[in-house]
Amino acid sequence: MAKTKNTPRPKAETPKGFRDYFGVEVTERSEMLSKIAGVYHRYGFDALETSAVETVEALGKFLPDVDRPNEGVFAWQEADEEGLGDWMALRYDLTAPLARVYAQHRNDLPTPYRRYAMGPVWRNEKPGPGRFRQFYQCDADTVGTNSMAADAEICAMLADTLEAVGIPRGDYLIRVNNRKVLNGVLEVMGLDEGETRDAVLRTIDKFDKVGEAGVRELLGKGRLDASGAYIDGVGLSKNQARPVLAFLTSKSSDTAQTLGNLRTAVGESAMGLEGVQELETISNLLAAQGYGPDRIVIDPSVVRGLGYYTGPVFEAELTFEILDEKGRKRQFGSVAGGGRYDDLVKRFTGQAVPATGVSIGVDRLLAALREKGRIGGTVEGPVVVTVMDRDRMADYQAMVSELRAAGIRAEVYLGNPKNFGNQLKYADRRGSPVAVIEGGDEKDKGIVQIKDLILGAKIAENATLEEWKERPSQFEVPRDQLVAKVREILDGQGK
């Protein structure tokens, strides 16, 4: 008789490129998203929650920096009674689903349609340090208007959002550019669609990394990179490259001067001049609302989603310094970006529908808040009601019920109550601020013991300091004063 082969146990490990989020991380994200939603709601945007799954046909090939329709997504083919059906995929962003929703429900939606959406997205890309295949996005978009007031509003709202979540003014800068200006520069250069134009665009995208000198070399014969390897250039002459360099270096400390420099860079290109005019309109609208260049600035070096955006583009950059993994100082960098995309809905309707929006990288913004000390640190756990007599569980449950009714987070210890020390260790591991104790003697006297665990920890750490030794960390109060005393202790702890 053949021996039955045991099924191997599955490995308890997170799939490659994914991660698990535990209590405090989920709470921090939830609280931040609530603050962001508050700003979006105040600006008149409505919430929208779309399906996590879309047809591949609906998603299309608008995933930035990806050429093939199915590249970069988690996709599968549905099976039906007739065989194989539609290809389905997890959404890779929140914008493509919006285009489908607007096209599908446009007769029932107001125009313009203003919506915000928050949730996870999935990208089937090679994972790396800090780069996961599932991450959160937080978007706000206005669909159905050509007005530059919509773009200006998105920028203003982004500034308000950053400040609302805890990024102080002076620690961020929202930079604005326009794809039409760049297209005007390429038109002046006489570059039509093709390999040379694509090479120029890729070179422009490297401006932040290699600077003016590096771009000049890459537009010409080429340059040596930091590793010593030689990178072939586009092969443009100095005269051919001049409009690109004029465009990239047109930023001035004065907005009017920046716009003047851009007009010079685009020459007589009608598209380029239209883009400059749109930037001027946005700047004037923001200035009228009190958003100056200390918060939102015209910056021609911003180049986002070269095949995606059709007009103004914007990027929120955090300007404070952090230390990288090698201990070197660097700016934190971008946490949000967006712009005008007028071709997405057209895929469904055949008619151009203007749209503009922004997407916040939730994990990046959370990391920035941790760097600034705005979140993180001690975890605020629940008040723990200890169990001195397992036969009196109803009494302890009554206590937590009263605490919860007063808005205080609380729980009863549900482990083995035999060892009281283990109960306090549990409370410590939970980050509990207070423990409640009621044994048989306390029950008979109609009292409870309330232990301030935060103060007790400080006394233990600083046993030689008289200021701590003089303060009691455990209180005996009548049972009917349980909630009031716990509230008093929590208020004293600043919770």
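Per chain, residues are indexed from 1 in the order of the written sequence. Owing to the predicted nature of the model, reporting of local features is limited to residues with pLDDT of at least 70; listing and counting of side-chain atom pairs is limited to 80 or more, with chain, interface and lining totals taken over all residues. For side-chain calculations, the full set of non-hydrogen atoms in the structure is used, while hydrogens and water are omitted.

Peer 1: Could you give an account of the state of the cysteines, with specific residues and numbers?
Peer 2: Any two cysteine sulfur atoms within 2.5 Å of one another count as a disulfide. The full count for this structure, using the stated rule, is zero disulfides. Cys-155 supplies the cysteine sulfur nearest to Cys-138, a cysteine that is in no disulfide, at a spacing of 16 Å. Here Cys-155 falls in the buried class, since its relative accessible area comes to 1%. Here's how the labels work: a residue is buried when its accessible area is under 20% of the maximum for its type, exposed when over 50%, partly exposed in between, all with a 1.4 Å probe on protein chains only.

Peer 1: Summarise the pattern of salt bridges; cite the residues concerned and give the values.
Peer 2: Each salt bridge in this description consists of a side-chain nitrogen of Lys or Arg and a carboxyl oxygen of Asp or Glu lying within 4 Å of one another. Under the criterion given, the structure shown has 26 salt bridges. For Arg-295, the salt bridge identified is with Asp-160, shortest N-O distance 3.5 Å. Here Arg-295, found in the loop between α10 (270-288) and β10 (296-298), pairs with Asp-160, found in helix α4 (residues 148-165); they are 135 residues apart in sequence, far enough to count as distant. The two residues Arg-295 and Asp-160 agree in class, both being buried. Here Arg-175 and Asp-299 are joined by a salt bridge, their closest N and O atoms 3.0 Å apart. Residue Arg-175 is found in strand β7 (residues 172-178), and its partner Asp-299 is found in the loop between β10 and β11 (312-323); the two are separated by 124 residues along the sequence. Across the pair, Asp-299 and Arg-175 agree in class, each one buried. Connected via shared salt-bridge partners are Asp-160, Glu-163, Arg-169 and Arg-295. Helix and strand definitions follow DSSP, with helices as H or I runs of at least four residues and strands as E runs of at least two, each counted in order from the N terminus.

Peer 1: Can you break down the sheet that holds strand β14 (residues 383-385) residue by residue, with the values?
Peer 2: The five strands lie next to each other as β15-β14-β16-β17-β18, forming an open sheet whose pairing is mixed. Edge strands, defined here as strands with exactly one partner in the open sheet, are β15 (410-412) and β18 (474-478). In this sheet, neighbouring strand axes are inclined to one another by 25 degrees on average, regardless of whether the strands run parallel or antiparallel. When DSSP finds at least two bridges between two strands, those strands are taken to pair. For strand β17 (residues 447-452) and β18, the ladder comprises five bridges, and the chain directions are antiparallel. Each bridged residue has a counterpart across the sheet, and for Lys-451 the counterpart in β18 is Gln-474. Whether two residues are in contact is decided by their heavy atoms, any of which lying within 4.5 Å being enough. Helix axes use the C-alpha atoms of the stretch in contact, all axes being lines fitted to C-alpha atoms, and the angles between their N-to-C directions lie in the range 0 to 180 degrees. Helix-sheet contacts for helix α13 (residues 393-405) involve β14, β15, β16 (434-437) and β17, and the interaxial angle to β15 is about 175 degrees.

Peer 1: Would you mind going over the packing of aromatic side chains in detail, with residue names and values included?
Peer 2: To pair, rings of Phe, Tyr and Trp, with the six-membered ring standing in for Trp, must have centres within 6.5 Å; the planes then decide the type, stacked if under 30 degrees apart, edge-to-face if over 60, and tilted in the middle. Applying the stated criterion across every chain yields a total of four aromatic pairs. With centroids separated by 5.3 Å and ring planes inclined at 70 degrees, the aromatic side chains of Tyr-413 and Tyr-426 adopt a geometry described as edge-to-face. You can see Tyr-413 sitting in the loop between β15 and α14 (420-429) and its partner Tyr-426 sitting in helix α14, a full 13 residues away along the chain. Of note, Arg-29 hangs over the ring of Tyr-136, and the distance from its end group to the ring centre comes to 4.0 Å. By the criterion adopted, a ring carries a charge over it if an Arg CZ or a Lys NZ lies within 6 Å of its centre and within 35 degrees of its normal.

Peer 1: So what's going on with a negative patch on the surface? Which residues, and what values?
Peer 2: Taken together, Glu-57, Glu-78, Asp-80, Glu-81, Glu-82 and Asp-86 make up a surface patch of like negative charges. Within the secondary structure, Glu-81 is located in the loop between β3 (75-80) and β4 (83-90). Classification of Glu-81 by relative accessible area gives exposed; the value is 86%. Only residues whose relative accessible area exceeds 30% and that take part in no salt bridge are eligible for patches, with like-charged residues grouped when within 9 Å of each other and nonpolar side chains (Val, Leu, Ile, Met, Phe, Trp, Tyr) grouped when within 5 Å. For the area figures, the Shrake-Rupley method with a 1.4 Å probe applies, and any residue is considered shielded solely by the protein chains shown. When charges are tallied, Lys and Arg are placed among the positive residues and Asp and Glu among the negative ones, while His and the ends of the chain are skipped. Think of each charge as sitting on NZ of Lys, CZ of Arg, CG of Asp or CD of Glu.

Peer 1: Now, about the packing of helix α5 (residues 179-188) against helix α8 (residues 238-248): what can you tell me, with residues and values included?
Peer 2: Running from N to C, α5 and α8 cross one another at 160 degrees; their axes reach a closest spacing of 8 Å. As judged from the angle between their axes, α5 and α8 are roughly antiparallel. Considering how the two elements wind past one another, α5 and α8 form a crossing that is right-handed. For the pair α5 and α8, contact is made by Val-181, Leu-182, Val-185 and Val-188 and by Pro-243, Val-244 and Phe-247, respectively. What sets the label is the angle itself: under 35 degrees gives roughly parallel, over 145 gives roughly antiparallel, 65 to 115 gives roughly perpendicular, and the rest give oblique. Whether a crossing is left-handed or right-handed is set by the direction in which the near helix is turned from the far one by less than a right angle, anticlockwise for left-handed and clockwise for right-handed.

Peer 1: Tell me about the nonpolar core, residues and numbers included.
Peer 2: Take the buried residues of types Ala, Val, Leu, Ile, Met, Phe, Trp, Tyr and Cys, join any two whose side-chain atoms come within 4.5 Å, and each joined set is a nonpolar core. Core analysis: the biggest nonpolar cluster contains 71 residues, and Ile-36, Tyr-40, Ile-167, Ile-174 and Leu-365 have the highest contact counts within it. Looking at this core element by element, the count peaks at 10 residues for α4. Counting 19 residues, the second-largest nonpolar core is a separate cluster that includes Leu-403, Val-434, Val-448 and Val-486.

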